[in-house]
Amino acid sequence: MIFDHRTYTCRPGTIRKHMKLYEESGWATQSKHLGQPILYGAVETGNVNSYVHVWVYEDAADRAAKRAALAADPKWQEYLKLSSDAGYLVGQVNTILTPASFFKMPQV
């Protein structure tokens, strides 16, 4: 299992606009291809112009296949254009994590 931890930073004052755009135009398509993330949330302390999402994959091959299918989807390409045109995002940091040997996914 691997975790894909992604942090995005928006221009000050635009995070709500960006999240609304994603909710309306990106969420359904992304979750269709990647499944449900274990976390998707806005940062409350620190850089409050940021949000984080964490996706879980079986392994690197699973991640690559799912992300390739997402990238090929015309609806996702349309969302990326809308997001780019809006200009809300200014930064992105992606981190791949592997769980510690003693870690078990909690049942929610």
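All figures in this text were calculated on a predicted structure; none of them were measured in a lab.

Conventions adopted
- Residues numbered from 1 in each chain as written.
- Predicted model: local features only at pLDDT ≥ 70, side-chain atom pairs only at ≥ 80, totals over all residues.
- Heavy atoms only, no water.
- Buried < 20%, exposed > 50% of the residue type's maximum accessible area, 1.4 Å probe, protein only.
- Helix = DSSP H or I, 4+ residues; strand = E, 2+ residues; numbered from the N terminus.
- Pairing = 2+ DSSP bridges.
- Core = buried A, V, L, I, M, F, W, Y, C linked by side-chain atoms within 4.5 Å.
- Contact = heavy atoms within 4.5 Å.
- Phe/Tyr/Trp six-rings, centres within 6.5 Å; stacked < 30°, edge-to-face > 60°.
- Axes fitted to C-alpha atoms, helices over the stretch in contact; angles between N-to-C directions.
- Expected span 1.5 Å × (residues − 1).
- Arc of directions from axis to C-beta.
- Polar contact = N/O pair within 3.5 Å; in protein donor to acceptor, adjacent residues only side chain to side chain.

Description of the pairing of strand β3 (residues 50-57)
Right, on to step 1. Here β3 lies mainly inside the structure; seven of its eight residues are buried.
Right, on to step 2. Here strand β1 (residues 2-10) runs beside β3; their pairing, made up of eight bridges, is antiparallel. Across the sheet, residue I2 finds its bridge partner in β3, namely Y57.
Right, on to step 3. Two strands pair when backbone bridges link them, and strand β2 (residues 39-42) and β3 are joined in this way by four bridges, in the antiparallel orientation. Residue pairing for β3: G41 is matched across the bridge by V52.

Here's the deal with the nonpolar core
Right, on to step 1. Formed by I2, L21, Y22, L34, W55, Y57, L70, W76 and Y79, the largest nonpolar core amounts to nine residues.
Right, on to step 2. Mapped by element, the contributors of at least two residues to this core are α1 (15-25), β3 and α4 (74-86).
Right, on to step 3. When near neighbours in sequence (up to four residues on either side) are disregarded, Y79 contacts H18, L21, Y22, S25 and G26.

Regarding the packing of aromatic side chains
Right, on to step 1. Counted by the stated rule, this structure contains eight aromatic pairs.
Right, on to step 2. With 6.2 Å between their ring centres and 75 degrees between their planes, F3 and F103 make a pair best called edge-to-face. Here the residue F3 occupies a position in strand β1, and F103 occupies one in the segment after β4 (89-97), the gap between them amounting to 100 residues.
Right, on to step 3. A connected cluster of aromatic rings, assembled from ring pairs, spans Y8, Y22, W27, Y40, Y51, W76 and Y79.

Thoughts on the sheet that holds β4
To summarise the sheet geometry, strands pair through backbone hydrogen bonds and adopt either a parallel or an antiparallel arrangement.
Right, on to step 1. Read across the open sheet, the four strands follow the order β2-β3-β1-β4; overall the sheet is antiparallel. Edge positions in the open sheet fall to β2 and β4, since each of these has one partner strand only. Averaged over all pairs of adjacent strands, the angle between their axes in this sheet comes to 10 degrees, without regard to strand direction.
Right, on to step 2. Pairing of β1 with β4, which is carried by eight bridges, proceeds in the antiparallel orientation. When the sheet's bridge partners are listed, H5 is paired in β4 with T95.
Right, on to step 3. Where α1 meets the sheet, it contacts β1, β2, β3 and β4, and its direction lies at approximately 35 degrees from that of β3.

Overview of α4
Every α-helix carries 3.6 residues per turn, so stepping three or four residues along brings you back to the same face.
Right, on to step 1. Taking 1.5 Å as the rise per residue, α4 with 13 residues should run 18 Å; its terminal C-alpha atoms sit 18 Å apart, in good agreement.
Right, on to step 2. Looking only at α4, the buried set comprises W76, Y79 and S83. Along the axis of α4, the buried residues cluster in a sector spanning 60 degrees; they form a single face. Exposed residues lying more than 90 degrees from the buried face of α4 are P74, E78, K81, S84 and D85.
Right, on to step 3. For α4, the elements touching its buried residues are α1, α2 (27-34), α3 (60-72) and β4.
Right, on to step 4. Sitting at the amino-terminal end of α4 is D73, which places a side-chain oxygen 2.7 Å from the backbone nitrogen of K75.

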